[in-house]
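Remarks on the overall topology
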Amino acid sequence: MALKIVKGSIDRMFDKNLQDLVRGIRNHKEDEAKYISTCIDEIKQELKQDNIAVKANAVCKLTYLQMLGYDVSWAAFNIVEVMSSSKFTYKRIGYLAASQCFHEGTDVIMLTTNQIRKDLSSPNQYDTGVALTGLSCFVTPDLARDLANDIMTLMSHTKPFIRKKAVLIMYKVFLKYPESLRPAFPRLKEKLEDPDPGVQSAAVNVICELARRNPKNYLSLAPLFFKLMTSSTNNWVLIKIIKLFGALTPLEPRLGKKLIEPLTNLIHRFLSSVIAVLISLSSGMPNHSASIQLCVQKLRILIEDSDQNLKYLGLLAMSKILKTHPKSVQSHKDLILQCLDDKDESIRLRALDLLYGMVSKKNLMEIVKKLMVHVDKAEGTTYRDELLTKIIDICSQSNYQYITNFEWYISILVELTRLEGTRHGHLIASQMLDVAIRVKAIRGFAVLQMATLLDNAHMLTGNTQRNGICEVLYAAAWICGEFSDHLEDPLQTLEAMLRPKVATLPGHIQAVYIQNAAKLFATVLRAQEGVPDSQKAQETSQLLIDRLPLFVQSANLEVQERASCVLQLVKYIQKLQQKEVAVAEEVSALFAGELNPVAPKAQKKVPIPEGLDLDAWINEPPSESESEDEKPRAVFSQEEPRHTRPRHTEVDEKELARRREARKQEQANNPFYIKASPSSQKVYPEVPGVEHIPVVQIDLSVPLKVPGMPMSDQYLKMEEERRQKEKEEKKKKEKKKKKEKRGRGRKHESGPESEEDITPAHTVDIVTEEMPEVGSRINFALSNDCPPSLFCRPLADSEKLPVRTHRPTDILKSPVEGAELESVSQEPKKKSKKDKKEKKKDKERKFLSMLLYLRALLSVQVYDIQGNLQDGSQVVVSVIFENKSTSFLKSMEFNVLDSLNSKLQRPDGAGPHDGLSVPFQLPPGVSNEARFVFSVQSIVMPQKLKGTLTFIVKSEESSTHEKLDFKLHFTCTSYLITTPCYSDAYAKLLESGDLKSSSVRLEGVSMSFHHLLARICFHHHFSVVERIDSCASLYSRSIQGHHVCLLVKTADQTVSIDAKCDEPSLLGNVLDEIKQTFSMC
Amino acid sequence: MQFMLLFSRQGKLRLQKWYVPLSDKEKKKITRELVQTVLARKPKMCSFLEWRDLKIVYKRYASLYFCCAIEDQDNELITLEIIHRYVELLDKYFGSVCELDIIFNFEKAYFILDEFLLGGEAQETSKKNVLKAIEQADLLQENQSEDWGGLAAEEVL
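So, here's what we can say about the structure. The model shown is predicted, which means the values in this text are computed figures rather than measured ones.

1. What about the overall build of chain B?
Check the secondary structure of chain B and you find six helices and seven strands. Ordering the α and β elements of chain B from the N terminus gives β-β-α-β-β-β-α-α-α-β-β-α-α. If you take every contact in chain B between residues at least 6 apart in sequence, the share linking residues at least 24 apart comes to 48%. Carbon together with sulfur atoms contributes 50% to the accessible area of chain B, which is approximately 6,500 Å² in total.

2. Some details on helix α22 (residues 364-377) of chain A
Residue and element names in this part refer to chain A. The end-to-end C-alpha distance of α22, which contains 14 residues, comes to 20 Å, matching closely the 20 Å that a straight helix rising 1.5 Å per residue would cover. The set of residues buried in α22 consists of L364, I367, V368, L371, M372, H374 and V375. Seen along its axis, α22 keeps its buried residues to an arc of 160°; they face one direction. Structural note: α22 exposes E366, K369, D376 and K377 on the side pointing more than 90 degrees away from its buried face. Residues of α22 that are buried make contact with α20 (333-340), α21 (345-355), α23 (381-400) and α24 (406-416).

3. Quick word on a nonpolar patch on the surface
On the surface, I608, L612 and L614 of chain A cluster together into a nonpolar patch covering about 340 Å² of accessible area. Classification of I608 of chain A as exposed rests on a relative accessible area of 57%.

4. Things to note about helix α12 (residues 197-213) of chain A
Residue and element names in this part refer to chain A. Between its first and last C-alpha, α12 extends 25 Å over 17 residues, near the 24 Å set by a 1.5 Å rise per residue. Of all 17 residues in α12, 14 are buried; the element is thus mostly enclosed. Regarding α12, its N-cap is D196, as a side-chain oxygen of that residue lies 2.9 Å from the backbone nitrogen of G198 further along.

5. Section: the pairing of strand β9 (residues 959-970) of chain A
Residue and element names in this part refer to chain A. The pairing of strand β8 (residues 943-954) with β9 spans twelve bridges and is antiparallel. Residue G947 lies in a different strand from β9, and its bridge partner there is F966. Counting the residues between successive antiparallel strands, the hairpin from β8 to β9 contains four residues.

6. Some words on the interface of chain B and chain A
Contacts between chain B and chain A engage 66 residues on the former and 66 residues on the latter. With both chains or domains summed, chain B and chain A bury close to 6,300 Å², and 57% of this area falls on carbon and sulfur atoms. Linking chain B to chain A there are eight salt bridges. One salt bridge in this structure joins R212 of chain A and D74 of chain B, with 2.8 Å as the shortest N-O distance. For the side of chain B that touches chain A, the class distribution of residues is 30 nonpolar, twelve polar and 24 charged.

7. Some words on the pattern of salt bridges
Applying the stated criterion across every chain yields a total of 41 salt bridges over all chains. One salt bridge in this structure joins E482 of chain A and K519 of chain A, with 2.8 Å as the shortest N-O distance. Pair noted here: E482 of chain A is in helix α28 (residues 471-482) and K519 of chain A is in helix α30 (residues 507-529), with a separation of 37 residues, a long-range link. On the accessibility criterion, E482 of chain A (17% relative accessible area) is buried. Salt bridges linked by common partners bring E209, R212 and K240 of chain A together with E71, D74 and E121 of chain B together as one network.

Calculation notes
- Numbers given to residues run from 1 along each chain, matching the order in which its sequence is written.
- The naming scheme follows written order: chains are lettered A onward, ligands numbered 1 onward.
- Whole-chain, interface and lining totals are the exception, using all residues; otherwise, since this is a predicted model, local features are given only for residues with pLDDT of at least 70 and side-chain atom pairs are given and counted only at 80 or more.
- Only heavy atoms go into the side-chain values, all of them from the structure, while hydrogens and water stay out.
- Secondary structure follows DSSP: runs of H or I at least 4 residues long count as helices, runs of E at least 2 residues long count as strands, and numbering of each begins at the N terminus.
- Pairs of residues are marked as contacts when any of their non-hydrogen atoms sit within 4.5 Å.
- Each accessible area value is a Shrake-Rupley result obtained with a 1.4 Å probe; residue values ignore everything except the protein chains displayed when judging cover.
- What a helix is expected to span follows from its residue count: subtract one and scale by 1.5 Å.
- Using a 1.4 Å probe on the protein chains alone, a residue whose accessible area is under 20% of its type maximum counts as buried, one over 50% counts as exposed, and one in between counts as partly exposed.
- Throughout, the arc means the angular range of directions from the helix axis out to the C-beta atoms.
- Like-charged residues are merged into a patch within 9 Å and nonpolar side chains (Val, Leu, Ile, Met, Phe, Trp, Tyr) within 5 Å, provided each residue has over 30% relative accessible area and no salt bridge.
- Basic side-chain nitrogens of Lys or Arg form a salt bridge, by our definition, when they fall within 4 Å of a carboxyl oxygen of Asp or Glu.
- We define a polar contact as two N or O atoms separated by no more than 3.5 Å, with the added condition that, inside protein, one atom must be a possible hydrogen donor and the other a possible acceptor, whereas residues neighbouring each other in sequence contribute only through side-chain atom pairs.
- Two strands are said to pair when DSSP picks up at least two bridges between them.
- Reported buried area values correspond to the accessible surface (1.4 Å probe) lost by two parts on association, with both partners' losses combined.
- Throughout this entry, Asp, Glu, Lys and Arg are counted as charged residues, while Ala, Val, Leu, Ile, Met, Phe, Trp, Tyr, Cys and Pro are counted as nonpolar. The remaining residues, Gly among them, count as polar.

Read these as layout, nothing more, since geometry by itself doesn't imply function.
The following block contains the structure:
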């Protein structure tokens, strides 16, 4: 073996390495292909060797050759071999080659799954990193499916180096295997608040990209991103976030309002974000003219800049604004016209886009003239075609609104036909037809122009490709035929249309030619018959009879059919002509009558036939709506009650405001009211809802043109005024009536005057009541809009952390808890009741250490301490705050004195002694839950942490600052997580011999074995592996992966527990805690 | 980002990184077309190009063109910034980089790119972190190759 290696390395001395290869290629400039083919032969030899170093070298060279454009797919398997080398040096090269050469069709990718999985879980972070990088390039749906779970685990890797890669690659995985999105999303969201900025920006990147594809699923993240946007200093991240908001604002208009302030700040801060800001602004701001003004001003500066890049971006952003706010862009016409002369095509194209919004009746001709000059100058068909479509777009926009002279437009169109190689012949043709048909006054001019076109058709027929310029002939022929009265010399045109060359045109054009030749023939006949010399008319017929047979033989069915039809007709006419019968009138009658354009809305003008009532019911309507329908619409006051809830009518505005306030507070404090998505609340207790983002009025230096009153408001105001007026008039009338004492039945109808009086109040009411509804729409956007309610639904898979609830005594009575107990105990009812009581006591005692009452004001209660499975060093503590006083509690701040081992996780930037503010306030009698995350280093010992809660008690007349001390007790049990375990795995675990054992005996335990097990499982997070009679094995795992195994036996009120665990002190403490649980019974 | 190409003034491809799966034939076609279009542009023109339904952002550094293709909604300036950042990284790593550095150490250039971009998205915005990761990986590589039969790292490559 050693000899082989030495031999291999000696061989290698003579091998070419990459540098030699590159040098060789450079030295063989003339016969490169030949040189490379010999190199490839060498490489093939090298690949046959066993020495992995030689192989790696060969693969490295292949990667280079692949870049030069040589096919290396034959070496795919060798690449996989090098990838699977245990040496990082070669693995790196293998993965690089794979990322460059593999694509979805590469079949050896299937072989790599296990290798990649192995590398992903390698203890060496660089192995993992290289595997992730490679995977990002060649991930296939199969790989994504198989490896999604592994990558997801890596998202919580201890090294940020791996975390950020794993987060980024998840995006690729989502694309290939969308099912992975839902289970991975909570963790992805967690990464948004990762302490490492690289990981954070990676998560922002991924979520932004995801949101671009399906924004509405991510609306609930808006508050979180808002926070990031206002706090982040990383421009890269900022730009991504702004982009994300650009996608979200169209869905949630209120977001736009909230974004204006921070975005305006950003505009002032740095240039690079300006564009991003502008783009999101322009797409999302409904009617905020001030910010738009600011944008446009800033953009002008950009466009005027000498830097071409800025100019381009300025124009690009301007065109986005143009779509929503054409007026504000129009004032910069001069600048944009200037850009049309730019040397750079990219810039000209952008400027062209903008021109659309610039034109007016005055300047249209001037602008188009300029464009026509460009058309002539333009090289490259793409740009010329772009110009052409733009010219037509500009001219035809809003029904030719800006065209004052159609003769000019027709000549422009005719000029455009001179363009070679355009692909927009059809567009020009349809414009010609449209104008000629709809603008009657122009027909004479148009027909003359078209006749010239037909005459010079040979200039256009050079290009017979689809949509080529020859399409124009279609229009020309039709116009000449249909409006042939305007022709100066119809015979000449007829002759032009029947030239043999026509047969080379596309079929549909020939068909039109023939049809219109017939029309022209009719016109010519009419002109010629009046003349004494009848010979001429016969000559014309002869012309057709001579020329048409060519078309009868056409391969195109349409052409053939029309040609033979017309031919027979002409033959018949000729017969009649020979008998000297006047036929012109009859032939013209064939084409009599004008073809009129039909407007899209023409249907409306069709009178409804008598007796047709579209509103009438076909079947008997349901009785309710019938009565409503039959009400005479004329009586205004009677329509109102439909919107009114009678009880509310008496409520004045103040009362409404008060109620609203109360309801909001109730919602804010009610733990059962689902506000934002529940998962976000879990992990980020401090995240405020969208509602909580402050809307700040900004003072813009730019003068506002339009006062910021939205249209609807104005409308509302008008409506109110109208009603007021009506009411007054009515009152007057009423008075008059009363005076005249002419009250008849009518008075009854308009009876409920009081309702009329409060109409304005109703409108206000409706407006305000809508607000919470809109709010709930964001909150529930996830669950309502996307059927599988992507992220809201709790995860069903085993990864979900089991939530164990320790409830205080008073809540114990709740039916849910009761049911839980019932199911646990199968004892006779009497006993179970007793049991319950005992349990209650036990719980009470257990919580006494945790429950703290202070001056009967506030109870702080640790509701649950829960290890975080995803992160072995985190513990989540849920605390219920209950306000027992009659005052309002606010500004609660939760602080814990950190120990060496356990620390409260504080947001970045907070000092080690700063408290965390509790994200809610407590009205009297209300309780709410908050969660705090602690990082714990060692979990083998139970711990107590001292803490304080400071808060402000606010009563009617005064407010005082109060403090409450408490202790948090982290038992070892709270670090255990119920983990199911199969008996065979359990047996293996015990056999492995890594576990230390310990045992404990409990005397005088009178409960049934079943109940006993249930208690251990419930209180200490174990799961039963196997149970045989009065003997059972239990299993649990700590958050840091320690296995804890128990063997519980019972005999005569004595319970013996033999336990095994890989951490003896943890085991000892857990056993102590179990003992304590039972000693309390 | 869809892909990144590095090519010389003579139109020779120096580096290519594709973040979308395409067949070799398609890649070649795109490369040829783009190299032609970009080289035809004059130095004073802007760095953006609308090409098919993509946007091309390119920049010339000495004799090399760096060219990225992004989607319509992507930010052009940040793409320029990415290009610049990559050039800075190469510069730091090779010590005033030149075209030959990239030709002869093209795998290193890829490693740096992979450390900086992943799947077409910026992975690490800190220059220091990228270089640190590369240096450490290089170190690992050198240690390993020393272990192995006493071959110097250069020779193995």
